[in-house]
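# Fold and contact review
As a plain string of letters, each chain reads:
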Amino acid sequence: MNFLSNAMAMAKVAAEKGADGLTSLTAKVSEATGVEMPSSFSVINPAVNPTTSAIVQEEEEEEEQPCKFGRIQFKLDYNFDKTTLAVTIFKCEDLPAMDAGGTSDPYVRVWVNPDKKKAFCTKKLKKTLNPVYNETFTFLKLPFNEMDGKVLIMAIYDHDALGSDDQIGEVTLPLSSVDLASEETIWKDIKEPPSADALGDLCLSLRYKPASKPPALVCQIVQCRNLKQMDLGGASDPYVKVNHMLNGKRVKKYKTVVQMSNLNPYWNTSFKIPVNPVDIQNIELHIYVNDFDKFGGNDTIGWLCFSLTDKTTAGTHWREAISQPKTNITKWHPLQPLEDDKK
């Protein structure tokens, strides 16, 4: 029964990819178990699920950008019975030249966050910008019901025999967004490697409800990606704190749960914040992504200020939400370094 319940939960995720994704998943589970799976899950409609549609739209916009770091071809094969994930790296194309001779010595390092210790590497190929690998790596113990927060990372490096290897780029793939029943070959553009100064990104949704009783602002903390490593072990234990501010003073604070050892945490947690429409111009949300420390003070990874006067993407998001009552406005935001006066 645990297998079926996990499979049904994943089927709901597959529905986000449409009828084809749902059909392939239910057929795969039925074949593996001999039990007919229900087909009554409804396909998510962007009109009624703006959070999902905004994330998908943001990813599609990224894919439209010119590819400067090449692309990678791979395949995922998930075993429903053994809860294992086989990742086959076929090849890369059009990699940038990292060496003085106009070539690179590329290899691919593969792991599933947050467990970066269990990583695999392809063979290192010399003097090529179009390496062919055809290598398969298998990750164990990945149950369906634990896919939230699991992210497949494929990092492409240029090997340097005389110094440290340089990262060419990487591909990040949240496993909760993938139709794991499909064994189709996938192409992905390779993205620029994260900067050493990057703090990570936060996705959240705002919905202003001035006509509700009482009037409220719904803040939904969805997820983070590529958070900065704060612990010695190469991970972080993040949680999100939301401060409701009025005229510069904190009215109330809200917190998510802590996600241990996770640089790509998923919460999907909503806070209903009572607000007076008369005060809306003087209200701010100060949102902090913190690293939990059991034996000392918690450290702030980054923060965002949502207000009418903020000049970052957070301010734009806030103004859109206030000007469009009853509408979920969902966006990704790069975390900002914490200012001294906000510590």
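On a predicted model such as this, the values are computed, not experimentally measured, just so you know.

Next up on the list: the overall build of the protein. Regarding its fold elements, the protein presents four helices and 16 strands. Taking the contacts inside the protein whose residues are at least 6 apart along the sequence as the reference set, 64% of them involve residues at least 24 apart. Total accessible area computed for the protein in this model is approximately 17,700 Å², and 49% of it derives from carbon and sulfur atoms.

Another aspect to go through is the pattern of salt bridges. Evaluation of the coordinates by the stated rule reveals five salt bridges. We note a salt bridge from Lys 91 to Glu 93, for which the minimum N-O separation is 3.6 Å. Several salt bridges converge on common partners, so that one network encompasses Arg 71, Lys 91 and Glu 93.

A cis amide bond links Lys 213 with the next residue in sequence, Pro 214, at an omega value of -5°. Counting through the fold element by element, Pro 214 comes out in the loop between strand S9 (201-209) and strand S10 (216-225). In this model, Asp 94 sits at a positive phi of 60°, which is unusual for a non-glycine residue. Take Asp 94: it is sitting in the loop between strand S2 (84-93) and strand S3 (106-113). For Asn 268, which is not glycine, the phi dihedral falls at a positive 55°.

Moving on: the sheet that holds S9. Read from one edge to the other, the open sheet built from four strands follows the order S13-S10-S9-S16, with strand pairing classed as antiparallel. Edge positions in the sheet fall to strand S13 (266-274) and strand S16 (329-334), since each has one partner strand and no second. Going from strand to strand, the sheet's axes swing by 20° on average, the running direction of each strand aside. Sheet analysis places S10 next to S13, joined by seven bridges and oriented antiparallel. Bridge pairing in S13 places Ile 221 opposite Thr 269. Together, S9, S10 and S16 form the strand contacts of helix H4 (residues 313-323), whose direction differs from that of S16 by roughly 170°.

Another point: the nonpolar core. By size, the foremost hydrophobic cluster in this structure holds 32 residues, and its most contacted members are Leu 202, Ile 221, Val 242, Leu 285, Ile 287, Phe 306 and Trp 318. Listed by contribution, the elements that provide at least two residues to this core are S9, S10, strand S11 (238-246), S13, strand S14 (283-291), strand S15 (299-306) and H4. Sequence-distant contacts of Leu 285, that is, excluding residues within four places in its chain, are made with Leu 206, Leu 217, Cys 219, Val 242, Asn 243, His 244, Ile 273, Leu 304, Cys 305, Phe 306 and Trp 318. Val 110, Leu 125, Val 171 and Leu 175 belong to the second largest nonpolar core, which has 31 residues in total.

What follows concerns the confidence of the model for the protein. Mean pLDDT over the protein stands at 82; residues scoring 70 or higher make up 77%. Within the model, the stretch residues 1-5 combines pLDDT values under 50 with seven contacts to residues more than four positions away or in other chains. Contacts for the low-pLDDT stretch residues 11-17, under 50 throughout, to residues beyond four places or in other chains number 18 contacts.

Right, let's get into the environment of Met 260. Inspection of the secondary structure puts Met 260 in the loop between strand S12 (249-255) and S13. Met 260 sits 23 residues away from Asp 237 along the chain, and the two C-alpha atoms are 4.4 Å apart.

What follows concerns the sheet that holds S2. Where strands meet in a sheet, backbone hydrogen bonds hold them as pairs that are either parallel or antiparallel. On the basis of which strands lie adjacent, the open sheet formed by four strands has the order S5-S2-S1-S8 and antiparallel pairing. The strands lining the two open edges of the sheet, one partner per strand, are strand S5 (132-139) and strand S8 (186-189). For this sheet, the mean angle separating the axes of adjacent strands, direction not counted, is 25°. Sheet analysis places strand S1 (residues 71-79) next to S2, joined by nine bridges and oriented antiparallel.

Rules of the game
Residues numbered from 1 in each chain as written. Predicted model: local features only at pLDDT ≥ 70, side-chain atom pairs only at ≥ 80, totals over all residues. Heavy atoms only, no water. Helix = DSSP H or I, 4+ residues; strand = E, 2+ residues; numbered from the N terminus. Contact = heavy atoms within 4.5 Å. Areas by Shrake-Rupley, 256 points an atom, 1.4 Å probe, with all protein chains shown as cover. Salt bridge = Lys/Arg side-chain N within 4 Å of Asp/Glu carboxyl O. Pairing = 2+ DSSP bridges. Axes fitted to C-alpha atoms, helices over the stretch in contact; angles between N-to-C directions. Core = buried A, V, L, I, M, F, W, Y, C linked by side-chain atoms within 4.5 Å. Buried < 20%, exposed > 50% of the residue type's maximum accessible area, 1.4 Å probe, protein only. pLDDT = per-residue confidence, 0-100.

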